[in-house]
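Chains, contacts and geometry: an overview
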Amino acid sequence: MYRYKVLAALCVMAGNASAGELKALQGESIDLGAYHGVVYYTEGDRGYQVVTTIAENAAGSPVRCEATLDEGESLTISTPGGLNESSEALEISRAGGRLLVTRIDTAPKLVRAGQ
């Protein structure tokens, strides 16, 4: 129960962004369809330490992902779409000393064989 309160508190404290620049230690809310969460980063000796926490709706268990990004590197966070639905995805990239979050196009919809 405690982890849900922490995730909810982070979402309330964070701004709302689906695309834009993040500042160090300033969380931003992310929306990936049924999945919602927060992304933030800290500056370290090896690069930007990016932390993303997402959960499926309020009842889902949160998942935390961490990555260290150097200049010019990026990572993609995606969630699956259902049958005949598109996936949702964000790209988090480091460029020009900034960390950017951008919604990206995803793979084609899943369809049943023969459709």
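Quick look at the structure, then. (Residues numbered from 1 in each chain as written. Predicted model: local features only at pLDDT ≥ 70, side-chain atom pairs only at ≥ 80, totals over all residues. Heavy atoms only, no water.)

1. Some details on the pairing of strand 9 (residues 98-103)
This is how it is decided: A pair of strands is treated as paired once DSSP finds two or more bridges between them. In DSSP terms, a helix is any run of H or I states spanning at least four residues, a strand is any run of E spanning at least two, and both are numbered starting from the N terminus.
In the sheet, strand 2 (residues 20-22) pairs with strand 9 via 3 bridges, with the strands oriented antiparallel. Counted as the bridge partner of Glu21 is Leu100 from strand 9. Where strand 8 (residues 88-95) lies against strand 9, 6 bridges are found, and the strand directions are antiparallel. Bridge assignment links Leu90 to a residue of strand 9, and that residue is Arg103. Hairpin connection from strand 8 to strand 9: 2 residues lie between these consecutive antiparallel strands, with Gly96 at a positive phi of about 60°.

2. A few points about the pattern of salt bridges
Note the following rule: A pair is scored as a salt bridge if a Lys or Arg side-chain nitrogen falls within 4 Å of a carboxyl oxygen belonging to Asp or Glu. Here's how the labels work: a residue is buried when its accessible area is under 20% of the maximum for its type, exposed when over 50%, partly exposed in between, all with a 1.4 Å probe on protein chains only.
Under the criterion given, the structure shown has 6 salt bridges. Between Arg64 and Glu66 there is a salt bridge, with the nearest N and O atoms lying 3.0 Å from each other. The closest approach of N and O atoms between Asp70 and Arg94, which form a salt bridge, is 3.9 Å. One end of the pair, Asp70, is in the loop between strand 6 (63-69) and strand 7 (74-79); the other, Arg94, is in strand 8, with 24 residues separating them in the sequence. Its relative accessible area of 42% is what places Asp70 among the partly exposed residues. Classification of Arg94 as buried rests on a relative accessible area of 14%. Each of Glu21, Lys23 and Arg98 takes part in a single network of salt bridges with overlapping partners.

In short, geometric facts, not functional conclusions.
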